[in-house]
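Notes for the structure review
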Amino acid sequence: MYAVIRRYEGVVDSAEAGRRVDEGFVPLLRRVPGFVAYYWVDAGDGVMVSTSVFEDRSGAEESIRQAADFVRDNLAPLLPNGPQVTAGPVVAAG
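What comes next is a walk through the structure. If you're wondering where the values come from, they're calculated on a predicted model, not measured in any experiment.

Moving on, we get to the sheet that holds strand β2 (residues 35-44). In a beta sheet, neighbouring strands are held together by backbone hydrogen bonds and run either parallel or antiparallel to one another. Strand order in the open sheet made by the four strands is β2-β3-β1-β4, with antiparallel pairing throughout. Two strands bound the open sheet, and with one partner strand each, they are β2 and β4 (84-89). When the angles between neighbouring strand axes are averaged without regard to direction, this sheet yields 10°. As defined by bridge partners, strand β1 (residues 2-9) adjoins strand β3 (residues 47-54) across eight bridges and the pair is classed as antiparallel.

Below, the structure is given as structure tokens:
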């Protein structure tokens, strides 16, 4: 498995960002080959974190492309700062 974590700081409206992600982005991700799971977390203080898990690296890389497009087209006013992106193979899971 392969995971991608994105951390967004300076989120303007976390509730609206969550709604848009749930209604618009999650359905897109579910269609990416190798999709396993996705989580969008409100960490408080204007910070939101997403975690995506895929069966392989190619699915994770496709999710990175789709996330960039979705943020640009649908979330830019709510997520004014680019994300910190961390990706790599899953080496332990529970």
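We are not done yet, so read on.
Turning our eyes to something else, we now look at unusual backbone geometry. Phi at Asp45 takes a positive value of approximately 55°, unusual for a residue other than glycine. In this structure, Asp45 sits in the loop between β2 and β3. The exposure class of Asp45 is exposed, given its relative accessible area of 84%.

Bringing helix α1 (residues 14-30) into the picture now. Where α1 bends most, at Asp22, the angle is about 40°. Every buried residue of α1 is accounted for by Glu16, Ala17, Val21, Phe25, Val26 and Leu29. Residues of α1 that are buried in the fold lie against β2, β3 and α2 (57-75). One side-chain oxygen at the N-terminal end of α1 lies 3.3 Å from the backbone nitrogen of Ala15; it belongs to Asp13.

Moving on, we get to α2. Between its terminal C-alpha atoms α2 stretches 25 Å, which fits the 27 Å expected from 19 residues at 1.5 Å a residue. The set of residues buried in α2 consists of Gly59, Ala60, Ser63, Gln66, Ala67, Phe70, Val71 and Leu75. Seen along its axis, α2 keeps its buried residues to an arc of 140°; they face one direction. Seen from the open side of α2, the exposed residues pointing more than 90 degrees away from its buried face are Arg72 and Asp73. Looking at the packing, one finds that the buried side of α2 touches β1, α1 and β3.

Rules behind the numbers
- Residues numbered from 1 in each chain as written.
- Predicted model: local features only at pLDDT ≥ 70, side-chain atom pairs only at ≥ 80, totals over all residues.
- Heavy atoms only, no water.
- Pairing = 2+ DSSP bridges.
- Helix = DSSP H or I, 4+ residues; strand = E, 2+ residues; numbered from the N terminus.
- Axes fitted to C-alpha atoms, helices over the stretch in contact; angles between N-to-C directions.
- Buried < 20%, exposed > 50% of the residue type's maximum accessible area, 1.4 Å probe, protein only.
- Bend = angle between axes of the 7 residues up to and from the residue.
- Contact = heavy atoms within 4.5 Å.
- Polar contact = N/O pair within 3.5 Å; in protein donor to acceptor, adjacent residues only side chain to side chain.
- Expected span 1.5 Å × (residues − 1).
- Arc of directions from axis to C-beta.

Any link to function would need more than the numbers given here.
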